[in-house]
Amino acid sequence: MLNQDIIAEQQHLDVVKTAIDNYRQVLFGHVNDIEENYKNIFIKIRDPQLTTDERFWAVFNAIENYKHSGISGFSKHLLELTEIQDTPYFARVDFNQEPLYIGKFAFYENASKTLVTDWRAPAATLYYNYSKPTKNATYSVDLGDGAVSQFTGELNLKRNIEIQSGQVVSIFDNDSDKLSYLKEKLSHQKGGLLKDIVTTIQEDQNQIIRLPLNARVIVQGSVGSGKTTIAVHRLSYLFYNYPGKMSKDSTLIITPSAVLLNYIARTLPSIGIYETTCLTFYELLKKLFRANGLKYRIVAKGSQPPNLGELNDEIIKFKRDTLRKLAKNQLCFRYGLIKEYRRLEDLGLPPVYIVLSLKKQLNKDLAKLKHLAQVEVVEDNIRELKISYVAIKDLQEKLEILVQEIRGELLGQFSSNLNIDEASQLLYLYDQIVGLKKPQKFQQIIIDEAQDLSESNYLVIKAMAGRSGLTILGDLNQQTKLGAVKSWEALKEVLGDIDIVKLKISYRSTKEITDFSAKILAPYVPKEALPQSFERRGQPVEIKSTDTWEDLLTSLVGTIKDVKKNRQSSIGVIISSPKDRLKILNFLKGRLDNVIEVTNDFRLFSDSAIYVCRKELVKGLEFETVLLINPDEESFPKTLTGAKELYVCTSRAINELHIYNLRNQSKS
């Protein structure tokens, strides 16, 4: 029966592949026609008989026609079809006896027939939410404006379909062998590149990915629980399901590290995200300072934990002093400015913003006086109008002076050189007292490796977010930055209304690697905070000790050659001490091909290189095989922070972890 099912599935796959290939040829034809037409126009405009104006308008019209030709849509669709050409789908669910084939991207034979359903579509939740046939299975479709349509029916079949090079190699029905399927998929990860997980999204991961657009959630995920992949898949889901609201300018991904940001950005097109804003937190600060005309030098080092009580007291003081200064001028009472100030203050608006609003409000009074002066005939009345006009202009000038006084008093508290926390606190106060100009209005902000940002940093994110959705992902066990957020509960106090979700299972590594890494942390954290290993067995962690660097590096090269002989995958060589960097790098480059150093701004990730990386840069990355070099007590002190740094390094490995120790540090 199983063989017959595979034969039937292969026949269906051949039909879908043929349809995709035919449509790709049609799209290629459209793209070629547009480009050929564009080239012909530019050949024509080289005609020497054309005037300058005729040539300009010919070029202008050609560019406009090209922009509106649909070529960007054709090209995007071609990329998606190329991505799924050999593996159009990975699963099938039968709902009310109707089969739905689920893949990375949708494909339609015509307007009424769907050959492949996108994994992000509402109907695809049948695959992720149910493990076996169910009589009353449901899925919901968001119709907008709060309206939801629910579909209920019988789930007759859930099937995983393993396709390799266009051939159906195996099928797994109704999660009967779910564990084996998941183990098989995970064991073939190559690392080096962040890959999509659409075939293996687990139920707890799926619930986070499919949260509504405006949801706010903190995800405490153990190492290897899929936090970064959840982040990018959530973004992909939102782009697909909220096309009118999601765009490059309405989404923001923030990480503490440029390496991690580049690592994430490289995978986005493969899951249908072609444009979004990606910034390190440092880059975000610089962007906000520029937008608000704040001329300070921001240095990366140093921390200044916030005292929220003191910051809020300072904000209250500025508000109180502003009102007191306004009240000194009787004209403010005469023109109702005090009453209006209090009304706007109750709405939570910053004092400087309110004062500027009052200044604008006086323009209406000036316009009224001008009108009266034109129609008034009594000399005494005209004189009175002129006096009022001068008084209001004088009041406007005093309000402008007050604005400059407040701004100067606020900014005068800070030196010209600020560390990241000081810069964050300045921006928070500036937002609360002056009003922060935000270069973009975001619908969704995603923060990865969130445990390494401070409460001061989150004050800025709070100001940026407004009412937008927030997805914050991190692991307190990997927190290594001085002055970082103390706990997720403390962060909740800063951000307000936000949920906390926990992911405990580590899917990345074998049980041997996960358990080994957990033992490093065990003396420092509660047992319930340690990662739970997914039951995927592998090789024991190998620890080698040598007497000299020559022996260590020779052994290292031998291990790498053995790994490369058996499979093409990523290998991470993690350097514990910066003083050993050049020694290790030069030795490897002299004996092996495709050795690449990961630097602060590295971006050329692949799944088959040998990466040499300092321990400070590996957070968030993963490699099929990891070789950790000389993790001595100097590099990893026997403290909580030292244990966390070592834990981060060992947990980068997917299938193999090798640790090389040098017995005598003085030997070369």
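Scroll up for the structure.
The following paragraphs examine the structure supplied in this document. Model, not experiment: these values are computed from the prediction. (Residues numbered from 1 in each chain as written. Predicted model: local features only at pLDDT ≥ 70, side-chain atom pairs only at ≥ 80, totals over all residues. Heavy atoms only, no water.)

Secondary structure assignment for the protein chain yields 21 helices and 23 strands. Taking all 668 residues of the protein chain together, the buried fraction comes to 50%. In the protein chain, 74% of the contacts between residues at least 6 apart in sequence involve partners at least 24 apart. When the accessible surface of the protein chain is split by element, carbon and sulfur atoms take 50% of a total near 32,500 Å². (Helix = DSSP H or I, 4+ residues; strand = E, 2+ residues; numbered from the N terminus. Buried < 20%, exposed > 50% of the residue type's maximum accessible area, 1.4 Å probe, protein only. Contact = heavy atoms within 4.5 Å. Areas by Shrake-Rupley, 256 points an atom, 1.4 Å probe, with all protein chains shown as cover.)

Here we have six strands laid out as an open sheet, ordered β18-β23-β22-β19-β21-β20, and parallel in their pairing. The open sheet terminates on both sides in strands that have one partner only, identified here as β18 (542–546) and β20 (595–598). In this sheet, adjacent strand axes meet at a mean angle of 20° when their direction is disregarded. Direction of pairing for strand β22 (residues 623–629) relative to strand β23 (residues 653–662): parallel, over a ladder of six bridges. Along β23, the bridge assignment pairs F623 with A653. Packing against the sheet, helix α21 (residues 640–650) makes contact with β19 (571–575), β22 and β23, and its axis sits at approximately 140° to β22. (Pairing = 2+ DSSP bridges. Axes fitted to C-alpha atoms, helices over the stretch in contact; angles between N-to-C directions.)

The six strands are arranged β10-β9-β13-β14-β8-β15 in an open sheet whose pairing can be described as parallel. Strand pairing shows two members of the sheet lacking a second neighbour, β10 (277–280) and β15 (499–503), which therefore form its edges. For this sheet, the mean inter-axis angle between neighbouring strands, taken without regard to orientation, is 15°. Bridge analysis of strand β8 (residues 216–221) against β15 gives five bridges, and the strand direction is parallel. Bridging from a neighbouring strand, G221 pairs with L503 of β15.

Let us now look at the nonpolar core. Counting 74 residues, the largest nonpolar core has F90, I102, W119 and L126 as its most contacted members. What W119 contacts, discounting residues up to four positions off in sequence, is F90, I102, G103, K104, A124, Y128, V198, I201, I209, R210, H233 and S236. I315, F318, A465 and L495 belong to the second largest nonpolar core, which has 71 residues in total. (Core = buried A, V, L, I, M, F, W, Y, C linked by side-chain atoms within 4.5 Å.)

This part covers the packing of aromatic side chains. Counted under the stated rule, the structure contains 13 aromatic pairs. For the ring pair Y89 and Y101, a centre distance of 4.6 Å and an interplane angle of 50° mean the geometry is tilted. In this pair, Y89 sits in the loop between α3 (71–84) and β1 (91–95) while Y101 sits in strand β2 (residues 98–103), placing the two residues twelve residues apart along the sequence. Comparing Y89 with Y101, the two get one shared label, buried. By way of ring pairs, the aromatic residues Y263, F602, F605, Y611 and F623 are connected into one cluster. Just above the ring of Y127 sits the side chain of K158; from NZ or CZ to the centre is 4.7 Å. (Phe/Tyr/Trp six-rings, centres within 6.5 Å; stacked < 30°, edge-to-face > 60°. Lys NZ or Arg CZ within 6 Å of the ring centre and 35° of its normal.)

Turning our eyes to something else, we now look at the pattern of salt bridges. The tally for this structure, following the rule as stated, stands at 31 salt bridges. The residue R159 makes a salt bridge to D5 at a minimum N-O spacing of 3.4 Å. Remark: D5 occurs in helix α1 (residues 2–44) and R159 occurs in strand β6 (residues 147–164); sequence separation between them is 154 residues. Accessibility classification places R159 together with D5 in one group, the buried group. Between E9 and R92 there is a salt bridge, and its shortest N-O distance comes to 2.9 Å. With a gap of 83 residues between them, E9 in helix α1 and R92 in strand β1 connect regions that are remote in the sequence. The residues E9 and R92 share a single accessibility class, namely buried. (Salt bridge = Lys/Arg side-chain N within 4 Å of Asp/Glu carboxyl O.)

A word on the pairing of β8. Buried residues dominate β8, accounting for six of its six residues. A two-sided burial pattern is seen for β8, the buried positions comprising R216, I218 and Q220 on one face and V217, V219 and G221 on the other. In this sheet, strand β14 (residues 469–474) lies alongside β8 in parallel orientation, the contact comprising five bridges. What sits directly across from I218, in β14, is I472.

Here T200 lies in the loop between α5 (178–187) and α6 (203–209). With residues near it in sequence (within four places) discarded, T200 still touches L182, K185 and Q205.

Time to look at helix α20 (residues 581–589). Burial in α20 covers these residues: I584, L585, F587 and L588. With its buried residues spanning 165° around the axis, α20 presents them on a single face. Tucked into the core, α20 has its buried residues touching α19 (549–566), β19, β20, β21 (610–614) and β22. (Arc of directions from axis to C-beta.)

Another aspect to go through is unusual backbone geometry. Backbone geometry at Q97 places phi at a positive 70°, although glycine is not the residue there. Tracing the chain through its elements places Q97 in the loop between β1 and β2. A positive phi is found at S165, a non-glycine position, where the angle reads about 50°. The class of S165 is exposed, set by a relative accessible area of 67%.

It is worth spelling out the pairing of β14 at this point. One face of the sheet, then the other: side chains in a regular strand alternate in exactly this way. With six of its six residues buried, β14 lies for the most part within the structure. Bridging between strand β13 (residues 444–447) and β14 involves four bridges; their strand directions are parallel. For I447, the partnering residue across the bridge sits in β14 and is I472. Taking the sense of rotation as the criterion, the β-α-β connection linking β13, helix α16 (residues 455–465) and β14 turns out right-handed. (Right-handed = clockwise from strand over helix to strand, strands pointing away.)

Before going further, it helps to spend a moment on the environment of D547. Relative to the assigned elements, D547 resides in the loop between β18 and α19. For the pair formed by D547 and L662, sequence separation is 115 residues and the distance between their alpha carbons is 5.9 Å. Within the local environment of D547, its side chain forms a polar contact with the side chain of R663, the two groups lying 3.0 Å apart. (Polar contact = N/O pair within 3.5 Å; in protein donor to acceptor, adjacent residues only side chain to side chain.)

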